[in-house]
Amino acid sequence: MRKDKKQVIGDEIGDDQIKLFLDFEPVDATSPSLHKLIKAYRGLRIDDFERFLGFFKEAGLDLDGKDEHGQTFVDLIKDQRHADEYIELINNARG
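- Looking at an unreviewed UniProt entry, the protein chain carries the name PA4642 family protein, with the source organism given as Pseudomonas tritici.

Now the structure itself:
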């Protein structure tokens, strides 16, 4: 595969399937916004996560929601291998 081509695994998913990640609710003291971001991060490809962020913002959710330890989404993922791409999307979504 050429380096300028991204590998796509699986079928494209529609907006309705992406919006389902807005329905997840936490079972602990994590903010609902953070919980939704984490679920989407774990379950969506980067391009789909970017689309999710649009729906997330439309729903009026907080990009800086915190867990019970005061950590945000960026705090939780910053040490992960592909975090930079996701952090950039979060920063872009902030405006």
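Having put the structure on the table, let's press on.
1. With respect to the pattern of salt bridges
Next, step 1: Per the stated rule, a full pass over the model turns up 5 salt bridges.
Next, step 2: The salt bridge partner of Glu25 is Lys36, with a shortest N-O separation of 2.8 Å. One end of the pair, Glu25, is in the loop between α1 (15-19) and α2 (32-43); the other, Lys36, is in helix α2, with 11 residues separating them in the sequence.
Next, step 3: Since its relative accessible area comes to 49%, Glu25 is described here as partly exposed.

2. Side note on the packing of aromatic side chains
Next, step 1: Counting across every chain of the model gives 7 aromatic pairs.
Next, step 2: Judged by centre distance (5.6 Å) and plane angle (50 degrees), the rings of Phe21 and Phe24 are tilted.
Next, step 3: Of the residues examined, Phe21 reaches a relative accessible area of 13% and is grouped as buried.
Next, step 4: A relative accessible area of 34% places Phe24 in the partly exposed class.

3. Let's talk about the environment of Asp67
Next, step 1: Secondary-structure assignment places Asp67 in the loop between α3 (46-58) and α4 (73-77).
Next, step 2: For the pair Asp67 and Pro26, spaced 41 residues apart in sequence, the C-alpha separation works out to 10.0 Å.
Next, step 3: Residues contacting Asp67, with those up to four places away along its chain left out, are Thr30, Leu34 and Leu76.
Next, step 4: In terms of polar contacts, Asp67 uses its side chain to reach the backbone amide nitrogen of His69, at 2.8 Å.
Next, step 5: A polar atom in the side chain of Asp67 sits 2.9 Å from the backbone nitrogen of Gln71.

4. A look at the packing of α2 against α3
Next, step 1: Taken N-terminus to C-terminus, the directions of α2 and α3 make an angle of 160 degrees; their axes are 10 Å apart at the nearest point. In terms of their interaxial angle, α2 and α3 are classed as roughly antiparallel. For the crossing formed where α2 meets α3, the hand is right-handed. Facing Ser33, Lys36, Leu37, Ala40 and Tyr41 of α2, the residues of α3 in contact are Phe49, Phe52, Leu53 and Phe56.
Next, step 2: Residue composition of the contact of α2 with α3, grouped by class: 7 nonpolar, 1 polar and 1 charged.

About the criteria used
- Residues numbered from 1 in each chain as written.
- Predicted model: local features only at pLDDT ≥ 70, side-chain atom pairs only at ≥ 80, totals over all residues.
- Heavy atoms only, no water.
- Salt bridge = Lys/Arg side-chain N within 4 Å of Asp/Glu carboxyl O.
- Helix = DSSP H or I, 4+ residues; strand = E, 2+ residues; numbered from the N terminus.
- Buried < 20%, exposed > 50% of the residue type's maximum accessible area, 1.4 Å probe, protein only.
- Phe/Tyr/Trp six-rings, centres within 6.5 Å; stacked < 30°, edge-to-face > 60°.
- Contact = heavy atoms within 4.5 Å.
- Polar contact = N/O pair within 3.5 Å; in protein donor to acceptor, adjacent residues only side chain to side chain.
- Axes fitted to C-alpha atoms, helices over the stretch in contact; angles between N-to-C directions.
- Parallel < 35°, antiparallel > 145°, perpendicular 65-115°, else oblique.
- Left-handed = near helix turned anticlockwise from the far one by under 90°.
- Nonpolar A, V, L, I, M, F, W, Y, C, P; charged D, E, K, R; others polar.

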